[in-house]
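# An overview of the molecular structure
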Amino acid sequence: MAVAALVKSRGGQGPPEGRDKQVVIVTENLLKAFGSFVAVDRVSITVRAGEVFGLLGPNGAGKSTLVRMLCGILAPTAGRAHVLGFDLNSEAERVKAHIGYMSQRFSLYQDLTGEENLLFYAEIYGVSGRRRSLRIAEVAALLDLAKWLRLRVEHLPRGIRQRLALGCALLHEPPLLFLDEPTSGVDPRARRLFWDIIHRLAQEGVTVLVTTHYMDEAAYCHRLAFMYGGKLLICGTPEQVKERSGEQNLEAAFVRLVRGQGNFTARG
């Protein structure tokens, strides 16, 4: 199906009942190669407004490369994609201005305080004056950061750094948020609290695309896609993935899909 037709599509499983089904991300046979190595191999997905959409798979599956293309950081080798209505092949810079992006390494300045990091990112995103003060206060309240803001980042616990990095990505109130392995390396309690925040954002209308290699986090997504070796193996709600793979849990479903690549329809 052509990208233009997909943008207008309302079919398939979308966000919770009553949400807008508008498509905010659509890719068609998106491919990224580095020389002879194919990192993302003809991936086609759609993501709808208000969804928490998960990209799952082991390290090296191609998740981060796909996210960097969708953020306009990497140019696709082939294929097409629209993000928030912008064509990635010709309007990548416009995409960057309308999204929030949190990378794997929590791009924070270690020798600055939490507040100084927020002020720095507010300036980058063009958030100034009274709005800047208001947004920093709102983000600090949402993420329970107030008591940590005067400390330098190097002295913060990893779970707090995680929330601070998310706060930096939210300052300009983006309608679409990309979180690349945001819970990697944090303890289970911090992971669960972070997912609570993700769902709170989705309830407020933010669309969230999140990558993870933790199979237990798949159940937190409205829809999910399994990637392996750069390929999309399957896409659907957690229940659809289990039903179509014939397994009772998502970890077993992923193992079966990896062993039988090509036997399932991705349906992105």
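First, a word on what this report is: a plain description of the structure on this page. (Residues numbered from 1 in each chain as written. Predicted model: local features only at pLDDT ≥ 70, side-chain atom pairs only at ≥ 80, totals over all residues. Heavy atoms only, no water.)

## Considerations on the pattern of salt bridges
Throughout the structure, instances matching the rule amount to 14 salt bridges. Asp 41 serves as the salt-bridge partner of Lys 231, at 2.6 Å between the closest nitrogen and oxygen. On the criterion of sequence distance, the pair formed by Lys 231 in strand β11 (residues 231-236) and Asp 41 in strand β2 (residues 37-43) is long-range, its members being 190 residues apart. Between Arg 191 and Asp 216 there is a salt bridge; the shortest N-O distance is 2.9 Å. One end of the pair, Arg 191, is in helix α7 (residues 188-203); the other, Asp 216, is in the loop between β9 (207-212) and β10 (223-228), and 25 residues separate them in sequence. Take Arg 191: its relative accessible area is 11%, and that puts it in the buried class. (Salt bridge = Lys/Arg side-chain N within 4 Å of Asp/Glu carboxyl O. Helix = DSSP H or I, 4+ residues; strand = E, 2+ residues; numbered from the N terminus. Buried < 20%, exposed > 50% of the residue type's maximum accessible area, 1.4 Å probe, protein only.)

## Here's the deal with the sheet that holds β10
Reading across from one edge, β7-β8-β9-β4-β10-β11 is the order of the 6 strands in this open sheet, with mixed pairing throughout. Both edges of this open sheet fall to β7 (99-102) and β11, since each of them pairs with a single strand only. Strand after strand, the sheet turns through a mean of 15° between neighbouring axes, direction not considered. Sheet topology places β10 next to β11; 5 bridges connect them, and they run antiparallel. The partner of Phe 226 across the bridge, within β11, is Ile 234. Where helix α8 (residues 238-245) meets the sheet, it contacts β10 and β11, and its direction lies at approximately 115° from that of β11. Strands in contact with helix α9 (residues 250-259) are β10 and β11; relative to β10, the strand with the most contacts, it is inclined by about 40°. (Pairing = 2+ DSSP bridges. Axes fitted to C-alpha atoms, helices over the stretch in contact; angles between N-to-C directions. Contact = heavy atoms within 4.5 Å.)

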